[in-house]
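Chain by chain, the residues:
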Amino acid sequence: EVGLFIVGVLFLLGSLDDLVLDLIHTAKRLKPRKVERDEWARWSELEEKPIAIMIPAWREHSVLEAMVRTNLARLKYRNYRFFVGVYPNDQETLDIAKSLEARYPNLLTVVVTDRPGPTSKAHCLNCILRVISESARIARRSGSGWIPHYVAIHDAEDVIHPRALKAINAQSSDTDFIQVPIFSLPVPTKSWVAGTYLDEFAEIHLKEIPVREALGMPVPSAGVGTFFSWRAMESMGDRFGYWFDEENLTEDYEISL
């Protein structure tokens with residue numbers, strides 16, 4: 001009984017910050033801003049900034065092709081490229097990625113990591129960023145070429161909203177970090193475990209992140225749907241000597257801080 005009491009008190013204390021978030025969210029009446037039809041129309045007319053979408057893929061042969069083809073068909077945007085990071089010892093994923101690159105040479109680039117997998121997600125992303133960085137360096141030197149304005153993180157099972165890149169493109173050019181709301185795909189009611197993700201993602205992205213933004217607090221990266229300006233990535237690379245800390249289990253949280 002004493003042990004259960006101690007655990008109960010700890011849970012109570014640990015949930016107080018959630019209660020504070022709820023109170024602030026209610027008091028400030030925070031809701032997602034509705035984008036009206038005429039505003040979407042203006043956004044659609046804007047010049048498209050180049051966007052690189054990074055996809056680290058270890059043993060993702062079962063979903064990678066469907067993910068890429070689905071999003072290529074859905075996205076209402078043109079000036080973007082997928083950069084898929086694969087491992088030399090993951091032949092199934094490598095073969096699928098190479099076939100996609102051959103099919104969509106202007107929209108997808110395959111990056112083979114410098115070490116066999118599995119490694120950390122940060123390591124795979126760093127390999128992709130080295131390729132993007134070298135490409136940007138050559139483009140600047142030659143005066144022509146493709147240099148991303150934003151680089152994004154997505155996973156091999158993500159379904160990207162068709163207008164997500166249009167919304168990102170419409171933000172101020174001075175914006176260095178954007179987290180797109182992430183939601184879990186609906187599952188049957190009987191799937192209790194998977195169903196918790198529906199509540200968890202809705203709670204975080206419709207309540208916690210808006211409160212954090214309103215209070216000027218750090219906004220955490222979700223690890224997917226996160227956009228960084230290329231300017232910020234280059235600055236961090238010059239400052240720290242790396243982009244993502246390969247020894248950190250929450251590299252996306254660290255870089256967003």
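See above for the structure.
Residues numbered from 1 in each chain as written. Predicted model: local features only at pLDDT ≥ 70, side-chain atom pairs only at ≥ 80, totals over all residues. Heavy atoms only, no water.

> So what exactly am I meant to see when it comes to the overall build of the chain here?
A tally of helices and strands in the chain yields 9 helices and 6 strands. Taken over C-alpha atoms, the radius of gyration comes to 20 Å for the chain, in line with the 18 Å a tight globule of 257 residues would show. Expressed as lengths along the three principal axes of its C-alpha atoms, the size of the chain is roughly 65 × 45 × 45 Å. Here the chain holds 257 residues, and the buried ones make up 39% of them. Total accessible area on the chain stands at roughly 15100 Å², and carbon and sulfur atoms take up 56% of it. Across the chain, the 29 positively charged side chains and the 36 negatively charged ones have centroids separated by 8 Å. (Helix = DSSP H or I, 4+ residues; strand = E, 2+ residues; numbered from the N terminus. Rg over C-alpha atoms; globule rule 2.2 N^0.38 Å. Buried < 20%, exposed > 50% of the residue type's maximum accessible area, 1.4 Å probe, protein only. Areas by Shrake-Rupley, 256 points an atom, 1.4 Å probe, with all protein chains shown as cover. Lys, Arg positive; Asp, Glu negative; His and termini not counted. Charge placed at Lys NZ, Arg CZ, Asp CG, Glu CD.)

> Just to check I follow, could you spell out the packing of helix H3 (residues 64–74) against helix H4 (residues 91–103) for this structure?
Two numbers describe a pair of packed helices, the interaxial angle and the distance between the axes. Following both chains from N to C, one finds H3 and H4 inclined at 25°, their axes separated by 9 Å at the closest point. On the basis of the axis angle, H3 is roughly parallel to H4. Between H3 and H4 lies a crossing of right-handed hand. Taken together, the residues of H4 that come into contact with H3 (itself represented by Leu64, Glu65, Val68 and Arg69) are Thr93, Ile96, Ala97, Leu100 and Arg103. Its residues assigned to classes, the contact of H3 with H4 shows 5 nonpolar, 1 polar and 3 charged. (Axes fitted to C-alpha atoms, helices over the stretch in contact; angles between N-to-C directions. Parallel < 35°, antiparallel > 145°, perpendicular 65-115°, else oblique. Left-handed = near helix turned anticlockwise from the far one by under 90°. Contact = heavy atoms within 4.5 Å. Nonpolar A, V, L, I, M, F, W, Y, C, P; charged D, E, K, R; others polar.)

> Just checking my understanding: could you explain the pattern of salt bridges for this structure?
Side chains that differ in charge, positive against negative, can pair when their charged atoms come close. Under the defined criterion, the tally for this structure stands at 16 salt bridges. Between Glu101 and Lys98 there is a salt bridge; the shortest N-O distance is 3.7 Å. Here Glu101 and its partner Lys98 are both found in helix H4, 3 residues apart, which amounts to about one turn of the helix. With relative accessibility at 40%, the residue Lys98 sits in the partly exposed group. Lys207 is paired through a salt bridge with Glu203; the nearest N and O atoms lie 3.5 Å apart. (Salt bridge = Lys/Arg side-chain N within 4 Å of Asp/Glu carboxyl O.)

> Just checking my understanding: could you explain the packing of aromatic side chains for this structure?
For any pair of aromatic rings, the description rests on two quantities: the centre-to-centre distance and the angle between the ring planes. Enumeration over the complete set of coordinates arrives at 8 aromatic pairs. Ring plane angle 80° and centroid distance 6.2 Å describe the contact between Phe228 and Phe244, whose orientation is recorded as edge-to-face. Of this pair, Phe228 sits in strand S6 (residues 226–229) while Phe244 sits in the loop between helix H8 (230–240) and helix H9 (251–256), and the two are 16 residues apart along the sequence. Owing to a relative accessible area of 2%, Phe228 belongs among the buried residues under this scheme. Judged by its relative accessible area of 1%, Phe244 is buried. Site record: aromatic cluster; members linked through ring pairs are Phe177, Phe228 and Phe244. The ring of Trp40 has Arg163 sitting right over it, with the charged end atom 5.0 Å from the ring centre. (Phe/Tyr/Trp six-rings, centres within 6.5 Å; stacked < 30°, edge-to-face > 60°. Lys NZ or Arg CZ within 6 Å of the ring centre and 35° of its normal.)

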